[in-house]
Structure formats: C-alpha cells, structure tokens
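Structure assessment
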Amino acid sequence: MSDNELIRIATHDAKGLTDQATAILKSEINKRGIGKELIEGAEAQNKEYTLEELLPYCNLISALNCPICGKSLEKLNATVTAQTISILIITNYEKRPRIGCPKCLKNKNISAAITTLVLGWWGIPWGQ
Ligand SMILES: [Zn+2]
C-alpha cells in the first residue's frame, strides 16, 4: 500500500475499523514515519465526543463567514435538508447536512420543500 493510500485511510476512512485494523494502521504509520497527526486523525474518527468536548469547535465554526453567502452578519447554524425528486418510477431522496447563516438555511429549506412539492410529492415513501 502506498503512503498516499495509507494517508487517505487514516484521514477519511478510519471510522469503523476494527481494533486490530486500527493497530495495524498505527503500526504502519509509525514504521513509515509519515506523521503522528495521522494516528490522531484516525482515532478522532472513532471517538464518541461529549457535548463539552464539541462546544469549543461549534463556537469556532459558528463564528466563520457563511459558506453559502460569504457574509458574517450572524452566527452560523446547522440543519439537515431533505429533498425528493421523482421521475416516473425512479425516486431520488437526498438528505444533506448544511451549515450556514439562518437566512441561507431558511432559503435552502424552502428550496428543498418547493422542489419536493413540485417534483417529488408522488415518490413513495419519501415524497408523501
Ligand atoms: Zn448565508
């Protein structure tokens, strides 16, 4: 396995690895000397966080500019939008987490609701 593939696993695909696989991943990262941060990243993907641990990160993110409109007038928030598009017998249901300012999140929710109302209301079971 190449270093790049190992880095990709440690940074993106470590969630759900067995303890044995995680031990092998750590051992290989140490053996190759490609960065102890990779081990921390792999461990972070499998850790359960408490609200107290997450709060500083939430505060940090909520103070950033809105990723949708680029403005920083209000603190950012998060929501999940769900949208259904049905074409004949094919139904596409999309549920996405979104981060943005309250105005942009409201617009995204309205847009998803209108799209579902116009294009996906007959999709079973999500459009009903
Ligand atoms: Zn915005």
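Here the residue index of a chain counts from 1 through its sequence in written order. With pLDDT at 70 or above as the cut-off, local features in this predicted model cover only qualifying residues; side-chain atom pairs require 80 or more to be listed or tallied, and sums for whole chains, interfaces and linings still use all residues. With hydrogens and water excluded, all non-hydrogen atoms of the structure serve as input to the side-chain values.

**Some points on the coordination of the zinc ion**
Sites may look incomplete because water is not among the atoms; the donors themselves are N, O and S atoms within 2.8 Å of the metal, or within 3.2 Å for Na, K and Ca. Within the first shell, the zinc ion binds the protein through Cys66 (SG), Cys69 (SG), Cys101 (SG) and Cys104 (SG), at distances of 2.2 to 2.4 Å. Coordination at the zinc ion is tetrahedral, judged from the four donor atoms that bind it and the angles of 101 to 115° they form at the metal. On the basis of relative accessible area, Cys69 is assigned to the partly exposed category, the value being 36%. The classification of residues rests on relative accessible area computed with a 1.4 Å probe and restricted to protein chains. Under 20% of the type maximum is buried, over 50% is exposed, and intermediate values are partly exposed. What makes Cys101 buried here is its relative accessible area of 9%. Any coordination sphere not matching a tetrahedral pattern (four donors, all angles between 85 and 135 degrees) or a square planar or octahedral pattern (four or six donors, opposite donors over 155 degrees apart, other angles between 65 and 115) is reported as irregular.

**Quick look at the pattern of salt bridges**
Each reported salt bridge corresponds to a side-chain nitrogen of Lys or Arg within 4 Å of a carboxyl oxygen of Asp or Glu. Per the stated rule, a full pass over the model turns up six salt bridges. The salt bridge partner of Lys26 is Glu43, with a shortest N-O separation of 2.9 Å. Note that Lys26 is positioned in helix 2 (residues 19-32) and Glu43 in helix 3 (residues 36-45), a separation of 17 residues in sequence. Residues participating in the shared-partner salt-bridge network are Asp3, Glu28, Lys31 and Arg32. Labels follow the DSSP assignment, with helices taken as runs of H or I lasting at least four residues and strands as runs of E lasting at least two, numbered in each case from the N terminus.

**Quick look at the domain arrangement of the chain**
These domain boundaries are the output of an automatic or database domain assignment. According to the domain assignment, the chain contains domain 1 (3-45) and domain 2 (71-120). Centre-to-centre separation of domain 1 and domain 2, based on C-alpha positions: 34 Å.

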